[in-house]
Amino acid sequence: MSDFPFLTTITALPALGALGLLFFPKTAEKGQKLFALLVTLATFIVSVPIYFNFDPSTPAFQFVEQYSWIEVLGASYHVGIDGISLFMVLLTTFLAPLIILSSWTAIRKSVKGFLISMLLLETGMLGVFVSLDLLLFYVFWEAMLIPMYFIIGIWGGERRIYAAIKFFIYTMVGSLLMMVALIVMYLYVGRETGTYTFDYLVFREYLLPAGIQTWLFLAFGLSFAIKVPIFPFHTWLPDAHVEAPTAGSVVLAGVLLKMGTYGFLRFCLPLFPNASVQFAPLIMILAVIGILYGAWVAMVQPDIKKLVAYSSVSHLGFVMLGIFTFTHQGMQGGLIQMVNHGLSTGALFLIVGMIYERRHTRLIAEFGGLARQLPIFATFFMIVTLSSIGLPGLNGFIGEFLVLLGAFQTNQILTAFAASGVIFAAVYMLWMFRRVMFGPITREENKSLADLNLREVVVLIPIIVFIVWIGVWAQPFLGKMEASVDHLIRLVDAKKTAVLQMNDQHMWARGDK
Amino acid sequence: MNDYLWLIPFFPLLGFLINGLLGRNFSEKMVGIIGAGAIFLSFVTTLLTFKELLTLEPEHRIFIQKLYTWMATGNFSVDVAFRFDALSAVMTLVVTGVGFLIHVYSIGYMHGDRGFFRYFAFLNLFTFAMLLLVLGNNFLILFLGWEGVGLCSYLLIGFWYEKIDYANAGMKAFIVNRIGDFGFLLGMFLIFKHFGSLDFDQVFSNAAAVPPGVITAITLLLFVGATGKSAQIPLYVWLPDAMAGPTPVSALIHAATMVTAGVYMVSRASALYILSPLALSVVAVIGVATALFAATMAITSQDIKKVLAYSTISQLGYMFLAAGVGAFSAAIFHLMTHAFFKALLFLGAGSVMHALSNETNLMKMGGLRKHLPITFWTFLVGGLAISGIPGFSGFFSKDEILWKAFSSPFGSPVLWGVGAVAAGITAFYIFRMIYLAFYGESRVDPEVALHIHESPKVMTVPLMVLAVLSIIGGYVGIPHVYMGLEHFLEPVFEPASVAMAAGAAGHASASTEFTLMGISVVIALAGIYLAYQLYVMNPEKPRQLAQSMHGLYTLLFNKYYVDEIYQAVFVKPFVNLSNVFFWRFFDVKIIDGIVNGVARIFGNIAAGLRRMQTGIVQMYALSLMLGAIIIFGYFILR
């Protein structure tokens, strides 16, 4: 069983599905949707055994596959996962079928193109999470950008072109910097060791001098920071979310934003440990600003989707804060918060999409009193809202609590500011909920709205299950991450010390002359 | 060893799930049986566990049941584990016992409401969360219950969500509580940092090893949480508004159980509080100040439920006063008697509202004594109990608190004095309410008056049971009686009682105790007499008084304008700052301005460069020529 190429299978399946879609006649939309759903479901089913076969006792990469690719450059097809990427992969495969199902009736123009974009996007995202070769990683990273650009630009709202271009330019600026940094690192390490390679594991072991680390960290870090997004690089996000179709928003919030935080964990910390530690105070401050600023700006948004988008800035701030505490609680909290945000914010966008499909507006002022007309909808919306504001017993609390607990060991004042975010989260979410769901029905159009249908309930229930599960019993999730996070913390510490010693020796050597 | 402890919170959870998922299709009867039955089973289980607990030696009276590991990372680990000791036992009995009565009462009160099943589901969920809170074996399970009850409070205050004020009241309750929880969270972080654990046993047994400054910080932060949940200054503002919920909810959540969670938490952490005289003083001063402050606001309120709400805030203040002078068992004693008589008063008020088509305005009542005999007599018992009239439960517990406030090494005569004055005001406003509602001429609207009726048995029987409890509930606290409450709680509050005994000076003589008791009884009787004079003998007098002391009356009537001040100082500026500055200026103008500006610069450059591609072949030829000349020139002239 363990010889089965799980990772290649799940990564390739959606792309093969996209290929298969080409053979469907243009008008057979139902068949196309069903096919895409089956492909994503199959991908998910194949990914489930990964969880069960994943050995939580080792930080080593598992399900590793390596084949030669571009030998001249030292690039290979090298994939594998550890406790850090495990749940990112599962989150992606879990959300994909729900996303396809959610766009069943919402997408009307060129369904086929949309489904192909979605499937290619899934392959791109999975590829990013499983890659252990930097060139391979970069290819997937860029490949992911294209379908997303189309999803916003073609199936988006009125200002979709503006939003798509903004999204593209923002992320492109980041990617280009990362590419330059990648080449510099490749050449430097190659020159020093005599072997030119893109293999991640080689870089992870290699000790880069502190001076070079700083520049590489900045280049990689900026690219990831835009993706997260860290304040003040977040303004592409509200536009992208508002203009993207529901499915696009869910992917964006659910998975794409995690690329940034994942990048920090996978690359910045282990490859540039000295720079990471050096920049940690700055990043923690930006993270806390993001938590508060995101919440405050979310509070005054007239558009529900924009509100949720800004709330993402706030939530991802928690993740960043956790990662840069370099503590077990902070990092694992950050990791679980990445999953949580994918579930809760993903669900929020689904919910906003459902109400948009009915009323073709997302302005809070257009609603009011929906709870009476839509009791099932209200129940789901309430649970997800509570998850988003971090109510204990639901998933959001676990992440925020652990992050803050970890951060508190590092910096108490900063944590106090961050913790005040739990107040503001309650303010903006409950206020929005009150205005949309409670009170009397003031508009005629809202009196005849239909409650959720079976398909919509089926989309939401799996997410709710995990929202509750993680909340009441987080250990099955945290347990699988522990070894990898522990290893990462030790690695950063050890490499940092080694690099400092190396510097000292260097100076001694010069002093002798 | 006891291994069915988990059943106590499990039954209400089950009730919540059944009614919540399927209740829509059930009959009212079915929903009521499931809802109240779940609590009854829980109550019976509690009794059985309690009986088993009593068979043990006092110092070993503790059951701990670990279910599973909730979360663990690095050196941090938290279990889902329950703890049943003397303190949990008292709390659990109160929660399930009073809770059961209120569930039964609700079957009658909520009859015909379209949200009947939703109501019972929420009420069960509340009980579940409350039981987690009192049974949790570590701070995080306590916090889980703590926020859980807050959620149910939010859902039930805004139960009739179509009324915008009600929905707002629910939201306000949640958010104000969140401010308190912020302190609670930081307190827990600090505990973990210094103790490496959130388990009660771990923390309390190592308390002496942690620097006193840290203990003070921890206890004060936790107390911030308590001021939110237990409605103390400055976070009490949500509780009066919380009266928007159905009246049995006010009885259960906003009087008998949830709001006492802060008192429970402080008592639970008594081993920490006792180490910090500063934190104790803060608790005592905030407590007694709230007791007095809230009592004054109750004087002018014309809403029967609001009077009771202020009274609850005030009584909670007494409990904190007790805790603040180190008399934790007195705090828990008053918590228990208060649960009986305040639940009784609220349910009585509910019965009045039931009779008067949901009228809550005292000015539209009067003379109800004849129409609602059971409600009246039970209400009177509750009134006598809260006023501290000898023989009724409130007398014993309140007297215990006032005595400890005077005699404890952490107490002072000033604390006693303020407490005694507040007790007089309490007797006054309670009997003002009783006289306005049940005595004098009827001021009921004529069409409402036609339908006045005593409530059905399902409502009056709980009233009578609670009335009995409001009388006899006080006798468990009489010192030196077999199984006195203080004695029973002794093992839990051991560090506190040791410190109290060590600091006890000689001035606590029995004669002083009886003198003070006499004074406080006289003050209470004076309050009742004054109310009698004003509202029965001279019903015109209050209006004249209000006119002659117009300024003071308006100030009290408007609750010292605290809500308005909070609104103007915190809420409005904050929303405006976020909207005008952070979003519309900083986000849109500055950040996006830069981003779009850069894009525009490139766009302009590109537009300039585009002009070179004119499509005129001669131009291309010309530039080719010029280019070639320049390059040649460069090489030649080099």
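Residues numbered from 1 in each chain as written. Chains lettered and ligands numbered in written order. Predicted model: local features only at pLDDT ≥ 70, side-chain atom pairs only at ≥ 80, totals over all residues. Heavy atoms only, no water.

Within chain B, the regular secondary structure consists of 27 helices and two strands. Along the first, second and third principal axes, the C-alpha set of chain B runs to 120 × 65 × 55 Å. Counting the 638 residues in chain B, one finds 57% classified as buried. Partitioning the intrachain contacts of chain B with sequence separation of at least 6 by distance along the chain shows that 80% fall at a separation of at least 24. Carbon and sulfur atoms make up 70% of the accessible area of chain B, which amounts to about 25000 Å² in all. Each charge class in chain B was averaged separately, 35 positive and 32 negative side chains, and the resulting centres sit 12 Å apart. (Helix = DSSP H or I, 4+ residues; strand = E, 2+ residues; numbered from the N terminus. Buried < 20%, exposed > 50% of the residue type's maximum accessible area, 1.4 Å probe, protein only. Contact = heavy atoms within 4.5 Å. Areas by Shrake-Rupley, 256 points an atom, 1.4 Å probe, with all protein chains shown as cover. Lys, Arg positive; Asp, Glu negative; His and termini not counted. Charge placed at Lys NZ, Arg CZ, Asp CG, Glu CD.)

The next thing to look at is a negative patch on the surface. All names here are of chain B. Taken together, the side chains of E57, E59, E490 and E494 make up a negatively charged region of the molecular surface. Assignment of secondary structure puts E494 in helix α22 (residues 494-503). By relative accessible area, E494 is classed as partly exposed at 47%. (Patch = residues over 30% accessible without salt bridge, like charges linked within 9 Å, V, L, I, M, F, W, Y side chains within 5 Å. Salt bridge = Lys/Arg side-chain N within 4 Å of Asp/Glu carboxyl O.)

Each partner contributes to the interface: chain A provides 62 residues, whereas chain B provides 49 residues. Carbon and sulfur atoms supply 71% of the area buried between chain A and chain B, which totals about 5100 Å² over both sides. Scanning the region where chain A abuts chain B turns up two salt bridges. Close ionic contact of R372 of chain A with E162 of chain B constitutes a salt bridge, the shortest N to O distance being 2.9 Å. Linking chain A with chain B are 25 residue pairs in polar contact (both at pLDDT 80 or more). Split by residue class, the side of chain A that touches chain B holds 42 nonpolar, 15 polar and five charged. (Buried area = accessible area lost by both parts, 1.4 Å probe. Polar contact = N/O pair within 3.5 Å; in protein donor to acceptor, adjacent residues only side chain to side chain. Nonpolar A, V, L, I, M, F, W, Y, C, P; charged D, E, K, R; others polar.)

It is possible for side chains of opposite charge to pair when their charged atoms get near one another. Residue and element names in this part refer to chain B. Inspection of every chain in the model, using the stated rule, returns 24 salt bridges over all chains. Ionic pairing is found between D563 and K172, a salt bridge with its closest N-O pair at 2.9 Å. Of this pair, D563 sits in helix α26 (residues 562-610) while K172 sits in helix α6 (residues 164-195), placing them 391 residues apart in sequence. Ionic pairing is found between K404 and E486, a salt bridge with its closest N-O pair at 3.8 Å.

Here we take up the domain arrangement of chain B. Parsing chain B into structural domains produces domain 1 (1-137), domain 2 (540-577) and domain 3 (601-637). One C-alpha centre belongs to domain 1 of chain B, the other to domain 2 of chain B; they are set 40 Å apart. (Domains from an automatic or database assignment.)

In this structure, M185, F220, F264, F324 and F401 of chain A together with M71 and F139 of chain B are the most contacted members of the largest nonpolar core, which totals 431 residues. Excluding anything up to four places from it in sequence, F139 of chain B contacts F184, M188, I191, L198, F200, V203, F204, L222 and A269 of chain B. (Core = buried A, V, L, I, M, F, W, Y, C linked by side-chain atoms within 4.5 Å.)

A separate point is helix α15 (residues 328-355) of chain B. All names here are of chain B. With 28 residues, α15 should cover 40 Å at 1.5 Å per step; its first-to-last C-alpha distance of 40 Å lies within 8% of that length. The largest bend along α15 reaches roughly 25° and is located at H338. S357, located one to two residues past α15, shows a positive phi value of around 50°. (Expected span 1.5 Å × (residues − 1). Bend = angle between axes of the 7 residues up to and from the residue.)

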